[in-house]
Amino acid sequence: MIDAVRQTAVERIEIIVVDDCSQDGTQLVLKEKLSERVDRIIYHPVNRGKGAALRSGFDAATGDIILVQDADLEYSPEDYPVLLEPLVSGKADAVFGSRFMSGRPHRVLFFWHMVGNRFLTLLSNMLTNLNLTDVETGYKAFKASAIKSIQIEEDRFGVEPEIVAKLAHKGYRIYEVGISYSGRTYQEGKKIDWKDGFRAIYAILKYNLHPRRTRSIGN
C-alpha cells in the first residue's frame, strides 16, 4: 500500500499510518521496514475500530486536504486524481468515492452486502436530503478545515454515515465520484458484518434526527 501511494501523481503528500492494535505481524513490519518511509505511525494500545483510527489520523494530519486510504487496497490510489479534483478546483469541501456510479473495474462479491448498502444509503439520503449512491464507502477526501470542524464519536463502521450526516447538517459541499473497487472475501480478511449494519442504522438516525445532541466544533 505504501508503494502504491508513493507512486501516485500527487506531488506533496504526508502519509500517516494508524495501526489499530494489529495482531498479525503488521506492527513489526511498520517498525522495522516502514518507519522511515512514512511521516508518522500511530499505534493504538487496544483495538478500537475504524472510527477511532480515523479520529487519530485526522488529529495528526497537517495538510490542507485529508484523504482516507484503507491499507487493504480495496480502494486504489490510482483514483487519487479523480477523488481530489473537486477539492483542488475549489468546488467541494468533501468528496466521496462511489462504488456504484463508475464504469471502472469492480470485483463482483456479496449481493446481500449491496442490498444492505443501498438500504442504508436510501435511509441516509432521506434524512440528509442528499442523493448519494454509496453512503458506506470508505474512500473519502476532505478539506482539512471541514473534517476537523466535526467531532467523530463512532468507534467502528458507524463512522461512515456519521460523517455524512454531520457534514450535511453543517452545509458543506459534498461531491461524489466513481471509483474502482477490489473487494475482499471474509477469508481474505474482510471485517464488516451484520452487527455493523444495525449500528449504521442507529448512527443514521442518531446523527440526523438529533444533530444538536452531537458534539461539533465551529464551522
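Scroll up for the structure.
Conventions we followed
- Residues numbered from 1 in each chain as written.
- Predicted model: local features only at pLDDT ≥ 70, side-chain atom pairs only at ≥ 80, totals over all residues.
- Heavy atoms only, no water.
- Helix = DSSP H or I, 4+ residues; strand = E, 2+ residues; numbered from the N terminus.
- Buried < 20%, exposed > 50% of the residue type's maximum accessible area, 1.4 Å probe, protein only.
- Pairing = 2+ DSSP bridges.
- Axes fitted to C-alpha atoms, helices over the stretch in contact; angles between N-to-C directions.
- Right-handed = clockwise from strand over helix to strand, strands pointing away.
- Phe/Tyr/Trp six-rings, centres within 6.5 Å; stacked < 30°, edge-to-face > 60°.
- Lys NZ or Arg CZ within 6 Å of the ring centre and 35° of its normal.

Describe in detail unusual backbone geometry, supporting the description with residues and values.
Across residues other than glycine, the phi torsion is negative in most instances, and most of the peptide bonds are trans. With a phi close to 60 degrees, C21 is a non-glycine residue in the positive phi region. Within the secondary structure layout, C21 lies in the loop between β1 (16-19) and α2 (26-34). With a phi close to 65 degrees, L73 is a non-glycine residue in the positive phi region. Position of L73 among the secondary structure elements: in the loop between β3 (65-67) and α4 (80-88). On the basis of relative accessible area, L73 is assigned to the partly exposed category, the value being 33%.

Provide a residue-level description of the sheet that holds β3, including the pertinent values.
Across the sheet, four strands lie side by side as β3-β5-β4-β6; this open sheet has mixed pairing. Two strands in the sheet have a free side with no partner beyond their single neighbour: β3 and β6 (174-178). Averaged over neighbouring strand pairs, the angle between their axes works out to 15 degrees when direction is ignored. In this structure, strand β4 (residues 94-98) lies alongside strand β5 (residues 140-143), joined through three bridges in antiparallel fashion.

I'd like to hear about the pairing of strand β2 (residues 40-43), residue by residue, with values.
In terms of strand pairing, β1 meets β2 through four bridges, oriented parallel. In the strand pairing of β2, D19 is matched with Y43. Once you follow β1 into α2 and on to β2, the crossover reads as right-handed.

I'd love a proper account of the packing of aromatic side chains, names of residues and values included.
The way to describe two aromatic rings as a pair is by their centre distance and the angle between their planes. Under the counting rule described, the total for this entry stands at five aromatic pairs. Ring geometry for Y75 versus Y181: centroids 5.4 Å apart, planes at 50 degrees, classification tilted. Within this pair, whereas Y75 is found in the loop between β3 and α4, its partner Y181 is found in the loop between β6 and α8 (194-209), the two being separated by 106 residues in sequence. Considered together, Y75 and Y181 belong to a single accessibility category, that of buried residues. Consider the rings of F96 and F142, whose centres lie 6.5 Å apart with planes at 75 degrees: the pair is edge-to-face. Of this pair, F96 sits in strand β4 while F142 is found in strand β5, placing the two residues 46 residues apart along the sequence. Accessibility classification places F96 together with F142 in one group, the buried group. Directly above the ring of Y43 sits K31, whose terminal nitrogen or CZ lies 5.3 Å from the centroid.

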